[in-house]
There are 2 protein chains.
Amino acid sequence: MIQRVLVDGREHDRISVGDRGLHYGDGLFETILIRDGMPCLWDRHMARLALGADRLGLPRPSPSMLRDEAVRIGTELDHGLLKLILTRGVGGRGYRPPATPHPRRILLSYASSPSSDPWIDGGVAIRFCETPASVNSHLAGIKHLNRLDAVLARREWDDPEIAEGLMCDEAGSFVGGTMTNLFVWDGVALATPSVTRSGLAGTVRAVAIEAASRAGIACVERPVTRRMIEEAVGLFLTNARIGVWPVSRLADRLLDPERLPLDLLSAVRRTAHTPEWSDP
Amino acid sequence: MIQRVLVDGREHDRISVGDRGLHYGDGLFETILIRDGMPCLWDRHMARLALGADRLGLPRPSPSMLRDEAVRIGTELDHGLLKLILTRGVGGRGYRPPATPHPRRILLSYASSPSSDPWIDGGVAIRFCETPASVNSHLAGIKHLNRLDAVLARREWDDPEIAEGLMCDEAGSFVGGTMTNLFVWDGVALATPSVTRSGLAGTVRAVAIEAASRAGIACVERPVTRRMIEEAVGLFLTNARIGVWPVSRLADRLLDPERLPLDLLSAVRRTAHTPEWSDP
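Residues numbered from 1 in each chain as written. Chains lettered and ligands numbered in written order. Predicted model: local features only at pLDDT ≥ 70, side-chain atom pairs only at ≥ 80, totals over all residues. Heavy atoms only, no water.

Looking at an unreviewed UniProt entry, chain A carries the name Aminodeoxychorismate lyase, with the source organism given as Thiocapsa roseopersicina.

In structure tokens form, the structure reads like this:
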């Protein structure tokens, strides 16, 4: 499924067993949608990566260098994904990072055909997960490599009809899906889990929050309770790969995607799926 | 510093960029002390690895195969460390693991000379960390590869005089050191942080709990508050590499290691430093 790989700009498909990304999950990643050979939301992905690098104490990678490398392997794809992994590289003693890290960047391209779109097909069925989302305010929001909570949550179901599972923290506050951000629509306003203690500040999540603001729809980042979800008029999910998924079923409860603010969702979807390059 | 490496039993120093250990920290590790060419606490390390494999849904690796490989690269060391990494290998789509994983095992040997022993040198100085320990009851206790909290905590200080930093969870409950388990001595009994929500069930931690029981010293696994630590008569730290470290200073406060139950600490240290092989 992996199409091509660049490790520090060179064609390679292996990395050192000493890499701190492997030993500790000491790094970051971005999963970028490619359409028509161009990445979508490139600037937002680069901004989140820079934020994550600051948080981990890694030097920020050069966006123009990443852009050059993304062009080298991404433009071969008509449709697919570009995954960028940035680790702290090799070195240090135990958990202690080297004083001057030599970060390693790995770009992987994955070809895929545009799959059937649940947006058009009437929404997705989702479930609740039992695996809790990890809580750590210093790691919340950024896209780091410590993703075992999502892996264990995704292991909870096999049913191909179920597209996603919702996770909450130990206190029962909802964080999002295993790989998506969650939006709850009460018929008037939107709520989405805050990402200050757990969860991920998704690129399309930010697009949706901004689009809601422009459309005059209130959207609050706050702790989301089970009750809010159970009483919701509608739910939708976002991430860079899927764009927007309306939810048509949560566990045993049917939801009508038509009751969601569809103009807003269309706008979000359009932005999430529009290829762009920043000026180099 | 890495002496030799075996990847799935073969001499290699590289792994596939597709490995889930790199992408998600989807795996486990053990750090095993080697003395006189033999591993210490081998059975305990193997037991914890099996527990972690069960928790992550990985097939348990064969201890006899691991033993054979450990002999191949470990017995060359007079003194050092053997690090064993077990990942879920390559495969799956996104967070979803493959139905039948092909785990990858990586053994690394690190030579080291027995360093000066803070036990003999009067204890270690430690500090408080600001980075919180991640909380997730499904991941607590096992030695998985999601260690960014410890990495960020270890980044907080440079002073070579400081040997370790204590971490607490978001609620202010102490979890242990960045790489050690913590024991609090109030003059009569011991307390050590429970590892059901966060933290790691260290091999030497278990040795200490059992040795306390044999010595008729109460040792409670419980939430450890800042107050308990500030009012402690003594503190000590454990892990597989160091064995036991008495604490002589915590931040600005001096502690007298002589007031610790030294017979107990000697017994723990002896067990932690005794090479052993299980029967194959």
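We are not done yet, so read on.
**A closer look at the sheet that holds strand β5 (residues 38-39) of chain A**
All names here are of chain A. The following threshold applies: What makes two strands pair is DSSP finding at least two bridges between them. Secondary structure elements are taken from DSSP: a helix is a run of H or I of four residues or more, a strand is a run of E of two residues or more, and numbering for both begins at the N terminus.
Spatial ordering of the open sheet is given by β2-β1-β7-β6-β4-β5, a layout of 6 strands whose pairing is antiparallel. For this open sheet the edge positions go to β2 (10-11) and β5, each flanked by a neighbour on one side alone. Bridge analysis of strand β6 (residues 79-87) against strand β7 (residues 104-111) gives 8 bridges, and the strand direction is antiparallel. Following the sheet pairing, glycine 80 is matched in β7 by alanine 111.

**Thoughts on the nonpolar core**
Cut-off, in case you're wondering: Buried Ala, Val, Leu, Ile, Met, Phe, Trp, Tyr and Cys residues form a nonpolar core when they are joined through side-chain atoms within 4.5 Å. Burial classes follow relative accessibility: with a 1.4 Å probe on protein chains only, a residue under 20% of its type's maximum area counts as buried, one over 50% as exposed, and anything between as partly exposed. Note on contacts: a residue pair is in contact if any heavy atoms of the two residues lie within 4.5 Å.
Counting residues in hydrophobic clusters, the biggest one holds 80 residues, and the most contacted among them are Ile106(A) and Ile106(B). The residues touching Ile106(B), leaving out its near neighbours within four places in the chain, are Val17(A), Leu22(A), Val5(B), Leu6(B), Val7(B), Ile15(B), Lys83(B), Leu84(B) and Ile85(B). Ranked by size, the runner-up nonpolar core spans 20 residues in total, among them Ile126(A), Leu182(A), Ala232(A) and Leu250(A).

**Here's the deal with empty space enclosed by the protein**
Residue and element names in this part refer to chain A. Spelled out, the test is: Buriedness for pockets is judged along seven lines, at least five of which must meet protein on both sides within 12 Å for an open set on the 1 Å grid over protein atoms alone, while cavities are sets there where a 1.4 Å probe fits but cannot get out, and lining residues have an atom within 4 Å of a point. Grid points are joined across faces, edges and corners, and a volume is the space filled by probe spheres set on the points. In this classification, the charged set is Asp, Glu, Lys and Arg, the nonpolar set is Ala, Val, Leu, Ile, Met, Phe, Trp, Tyr, Cys and Pro, and all remaining amino acids, among them Gly, are polar.
Tallying each qualifying case throughout the model produces 1 cavity of 30 Å³ or more. The volume enclosed by the largest cavity comes to roughly 30 Å³. Ile32, Trp42, Leu66, Ala70, Leu82, Leu84 and Leu107 together form the lining of the largest cavity. Among the elements of the structure, α3 (63-74) and β6 are those that each provide at least two residues to the lining of the largest cavity. Along the lines of polarity and charge, the residues of the lining of the largest cavity split into 7 nonpolar, no polar and no charged.

**Re helix α2 (residues 42-56) of chain B**
Filter applied, for reference: The span you would expect from a helix comes to 1.5 Å times its residue count less one.
Taking 1.5 Å per residue, 15 residues should reach 21 Å; α2(B) reaches 21 Å between its end C-alpha atoms and fits that length. Positioned one or two residues after α2(B), Gly57(B) has a phi angle of 75°, which is positive.

**Considerations on the packing of aromatic side chains**
All names here are of chain A. Convention followed: Pairing of aromatic rings covers Phe, Tyr and Trp, the last through its six-membered ring, and needs centres within 6.5 Å; plane angles under 30 degrees mean stacked, over 60 mean edge-to-face, and all others mean tilted. For a Lys NZ or an Arg CZ to count as sitting over a ring, it must be within 6 Å of the ring centre and within 35 degrees of the ring normal.
What the rule picks out here adds up to 6 aromatic pairs over all chains. Each ring, one from phenylalanine 183 and one from phenylalanine 236, has its centre 4.9 Å from the other, and the planes form 5°; the classification is stacked. Of the two residues, phenylalanine 183 sits in strand β11 (residues 181-185) while phenylalanine 236 sits in strand β14 (residues 234-239), which places them 53 residues apart along the sequence. Each of the two residues, phenylalanine 183 as well as phenylalanine 236, counts as buried. One cation-aromatic arrangement involves arginine 154 over tryptophan 157; the distance from NZ or CZ to the ring centre is 4.0 Å.

**A closer look at the relation of the copies chain A and chain B**
To keep it simple, the criterion reads: The copies were overlaid with a least-squares fit restricted to C-alpha atoms from residues scoring a pLDDT of at least 70 in each copy.
Between the two copies, chain A and chain B, the superposition gives an RMSD of 0.0 Å; the rotation angle is 180° and the shift along the axis is 0.0 Å. Such a turn and shift between the copies fits a two-fold axis. In this assembly the copies share their binding face: 100% of the residues contributing to the interface of chain A also contribute to that of chain B.

**Remarks on the state of the cysteines**
Formally: When two cysteine sulfur atoms lie within 2.5 Å, the pair is treated as a disulfide.
Tallying each qualifying case throughout the model produces 0 disulfides over all chains. Looking at Cys168(B), it has no disulfide partner, and the nearest cysteine sulfur is the one in Cys129(B), 9.1 Å off.

**Some remarks on the side chain of Thr178(B)**
Operational definition: Nitrogen and oxygen atoms within 3.5 Å of one another constitute a polar contact, given that in protein one can donate a hydrogen and the other can accept it, and given that sequence-neighbouring residues count only through two side-chain atoms.
Tracing the sequence through the fold places Thr178(B) in the loop between β10 (174-177) and β11 (181-185). On the basis of relative accessible area, Thr178(B) is assigned to the buried category, the value being 7%. Looking at Thr178(B), its side chain comes within polar contact range of the side chain of Glu164(B), at 2.6 Å. Setting aside residues up to four positions removed in sequence, Thr178(B) forms contacts with Tyr95(A), Cys129(B), Ala150(B), Ala153(B), Arg154(B), Trp157(B), Glu164(B), Gly165(B) and Met167(B).

**Some details on the sheet that holds strand β4 (residues 27-35) of chain B**
Residues and elements named next belong to chain B. Worth spelling out the cut-off: Axis geometry follows a simple rule: fit a line to the C-alpha atoms, using only the stretch in contact for helices, then measure angles between N-to-C directions, giving values from 0 to 180 degrees.
Sheet architecture is open: 6 strands sit in the order β2-β1-β7-β6-β4-β5, paired in antiparallel fashion. Across the chains shown, the open sheet's two edge strands, defined by having one partner strand only, are β2 (10-11) and β5 (38-39). Taken strand by strand, α2 contacts β4, β5 and β6 (79-87), and its axis lies near 175° from that of β4. Along the sheet, helix α3 (residues 63-74) makes contact with β1 (2-7), β4, β6 and β7 (104-111), crossing β7 at roughly 30°.

**Points about the pattern of salt bridges**
Residue and element names in this part refer to chain A. What counts here: One side-chain nitrogen of Lys or Arg within 4 Å of one carboxyl oxygen of Asp or Glu is enough to make a salt bridge.
This model, assessed by the stated rule, comprises 34 salt bridges over all chains. The partner of aspartate 8 in a salt bridge is arginine 104, and the shortest N-O contact between them spans 3.9 Å. With aspartate 8 in the loop between β1 (2-7) and β2 and arginine 104 in strand β7, this residue pair connects regions lying 96 residues apart in the sequence. The partly exposed category is assigned to aspartate 8, whose relative accessible area is 25%. Note that glutamate 231 is salt-bridged to arginine 227, the shortest N-O span being 3.0 Å. For glutamate 231, a relative accessible area of 53% puts it in the exposed group. The structure contains a network of salt bridges with shared partners spanning Asp8, Asp19, Glu69, Arg104 and Arg105.

**Focus: the domain arrangement of chain A**
All names here are of chain A. Cut-off, in case you're wondering: Boundary definitions for the domains trace back to an automatic or database domain assignment. Here the buried area means the combined drop in accessible surface, using a 1.4 Å probe, for two parts upon being joined, counting both sides.
What the domain assignment reports for chain A is domain 1 (2-111) and domain 2 (124-272). Between the C-alpha centres of domain 1 and domain 2 the distance comes to 25 Å. Summing both sides of the interface, domain 1 and domain 2 together bury roughly 1700 Å²; the carbon and sulfur share of this comes to 65%. Area buried by domain 1 at its contact with domain 2 is led by Phe29, Arg44 and Arg48, which between them contribute 37% of it. On inspection of domain 1 and its partner domain 2, the count reaches 1 salt bridge. For the salt bridge of glutamate 210 with arginine 44, the shortest nitrogen-to-oxygen distance reads 2.7 Å. Viewed at the interface, domain 2 and domain 1 are joined by 8 residue pairs in polar contact (both at pLDDT 80 or more). Contributions of two or more residues to the side of domain 1 that touches domain 2 are made by α1 (20-24), β4 (27-35), α2 (42-56) and β6. At 7 residues, the largest contribution of residues to the side of domain 1 that touches domain 2 is made by α2. For the side of domain 1 that touches domain 2, a count of residues per class yields 10 nonpolar, 7 polar and 5 charged.

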